[in-house]
Amino acid sequence: MKIHLTSVFVDDQTKALHFYTEILGFVKKHDVPVGETDRWLTVVSPDEPGGTELLLEPAGHPAAKTYRDTLVTDGIPLAQFAVDDVKAEYERLSGLGVRFTQEPLEMGPVTTAVFDDTCGNLIQIATQPQ
Amino acid sequence: MADDLFKALADPTRRTILDELAERSGQTLFEICARLSMKHQLGISRQAVSQHLAVLEAAGLLETRREGRYKFHDLNTAPLRQIAERWLATDTSGPEENTP
């Protein structure tokens, strides 16, 4: 068994696609209309085009709002992405106007930071020991 | 008020939380939990951390603020001055004046 797809709920898929590609730097993999307004919309890392896909899923279900709002209040990220250098990525994203709820934090061998994806979620970036 | 303050300071985990907030103010609950578990190897639930934060807040040592959808925790050292004033205030200029 492999993890080939994971998902985050997003408020607006068009806005999410912009943020996840233009700001974060992922590339669009699939974009298929589903129903009247929704899309099956996934992105992947340019470093791993065949790697795990991230589904930008419409947050239409009423339960999604309570779930996400509560997590955001407590600063809890819904997904984690690996980066080579958390501090460099923090500087780059801050320069693009991205709001961080946790600035880079060194905890032993792991460094993390948490930012708002502007689509209703907090995302953690982490540098893991090699 | 004084009882709340000393009760809040009596617990080592709560003192560690204050240490971490002194290092960086404006932390989310998530960051406080991460620091306790990753930096201090404290196996403590998020609910338990929330309870510690409530005790610190009741003692006036911690303040929370909402910023949009986020909630941040800040250290407030003002109550600690009560301790200084209670026992140390008369002492601060003492040693010099007492010098023969």
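An account of the accompanying structure is given in this report. (Residues numbered from 1 in each chain as written. Chains lettered and ligands numbered in written order. Predicted model: local features only at pLDDT ≥ 70, side-chain atom pairs only at ≥ 80, totals over all residues.)

The next point concerns the interface of chain B and chain A. Much of the literature gives interface size as the accessible area that the parts lose upon coming together. With eleven residues of chain B at the contact, the number on the chain A side is 13 residues. Broken down by secondary-structure element, the contributors of at least two residues to the side of chain B that touches chain A are α3 (29-39) and β2 (70-75) of chain B. It is α3 of chain B that contributes the most residues to the side of chain B that touches chain A, seven residues altogether. For the side of chain B that touches chain A, the class distribution of residues is five nonpolar, one polar and five charged. (Contact = placed C-beta atoms within 7 Å. Helix = DSSP H or I, 4+ residues; strand = E, 2+ residues; numbered from the N terminus. Nonpolar A, V, L, I, M, F, W, Y, C, P; charged D, E, K, R; others polar.)

Our focus in this paragraph is the pairing of strand β3 (residues 38-44) of chain A. Residues and elements named next belong to chain A. Sheet topology places strand β2 (residues 27-34) next to β3; seven bridges connect them, and they run antiparallel. Of the residues in β3, the one forming a bridge with His30 is Thr42. Where β2 hands over to β3, the hairpin turn is made up of three residues, of which Gly35 adopts a positive phi near 70 degrees. The sheet contact formed by β3 and strand β4 (residues 53-58) spans two bridges and is antiparallel. Looking at the pairing, Val43 lines up with Leu54 of β4. (Pairing = 2+ DSSP bridges.)

All names here are of chain A. Of the positions making up helix α3 (residues 86-95), those classed as buried are Val86, Glu89 and Tyr90. Down the axis, α3 shows its buried residues gathered within 105 degrees of arc, on one side only. With respect to the buried face of α3, the exposed residues turned more than 90 degrees away are Ala88, Glu91 and Gly95. The secondary structure elements touched by the buried residues of α3 are β6 (100-107), β7 (110-116) and β8 (122-127). One or two steps after α3, the chain reaches Gly97, where phi turns positive at roughly 90 degrees. (Buried ≥ 20, exposed ≤ 12 C-beta atoms within 10 Å, placed from the backbone. Arc of directions from axis to C-beta.)

Residue and element names in this part refer to chain A. With respect to topology, four strands assemble into an open sheet ordered β1-β4-β3-β2, the strand pairing being mixed. Each edge of the open sheet carries a strand with a single partner, namely β1 (5-10) and β2. When strand polarity is set aside, the average angle formed by the axes of neighbouring strands in this sheet is 25 degrees. (Axes fitted to C-alpha atoms, helices over the stretch in contact; angles between N-to-C directions.)

Quick look at the sheet that holds β6 of chain A now. Sheet strands associate in pairs through backbone hydrogen bonding, adopting either a parallel or an antiparallel arrangement. Residue and element names in this part refer to chain A. Here we have four strands laid out as an open sheet, ordered β5-β8-β7-β6, and mixed in their pairing. Looking at which strands have only one partner, the edges of the open sheet turn out to be β5 (79-82) and β6. Along the sheet, successive strands turn relative to each other by an average axial angle of 20 degrees, direction set aside. Pairing analysis gives five bridges linking β6 to β7, with the strands arranged antiparallel. Within β7, the residue paired with Met107 across the bridge is Val110. Packed onto the sheet, α3 meets β6, β7 and β8 and runs at close to 165 degrees relative to β6.

Once that is clear, we can look at helix α2 (residues 62-73) of chain A. Here α2 of chain A spans 18 Å end to end across twelve residues, near enough to the 16 Å set by a 1.5 Å rise per residue. At the C-terminal side of α2 of chain A, Gly75 of chain A shows a positive phi close to 80 degrees. (Expected span 1.5 Å × (residues − 1).)

In this section: the nonpolar core. Counting 25 residues, the largest nonpolar core has Ala113, Val114 and Leu122 of chain A together with Cys33, Leu56 and Leu61 of chain B as the members making the most contacts within it. Among the elements of the structure, α3, β7 and β8 of chain A together with α2 (12-23), α3 and α4 (46-58) of chain B are those that each provide at least two residues to this core. Per-element tally for this core: the top contributor is α3 of chain B, with five residues. Residues within four places of Val114 of chain A in sequence aside, it is in contact with Gly75, Pro77, Phe100, Thr101, Gln102, Leu122, Ile123 and Gln124 of chain A together with Phe30 of chain B. Core analysis: the next-biggest nonpolar cluster, separate from the first, contains 15 residues, Val8, Phe9, Leu17 and Cys119 of chain A among them. (Core = buried A, V, L, I, M, F, W, Y, C linked by C-beta atoms within 7 Å.)

Next up on the list: the packing of α3 of chain B against α4 of chain B. Residue and element names in this part refer to chain B. At a minimum axis distance of 10 Å, the contact between α3 and α4 shows a crossing angle of 110 degrees. By the angle between their directions, the pair α3 and α4 is classed as roughly perpendicular. For the pair α3 and α4, contact is made by Leu29, Ile32, Cys33 and Leu36 and by Arg46, Val49 and Ser50, respectively. A breakdown of the residues in the contact of α3 with α4 according to their chemical character gives five nonpolar, one polar and one charged. (Parallel < 35°, antiparallel > 145°, perpendicular 65-115°, else oblique.)

Functional significance is not addressed by these values, which are geometric in nature.
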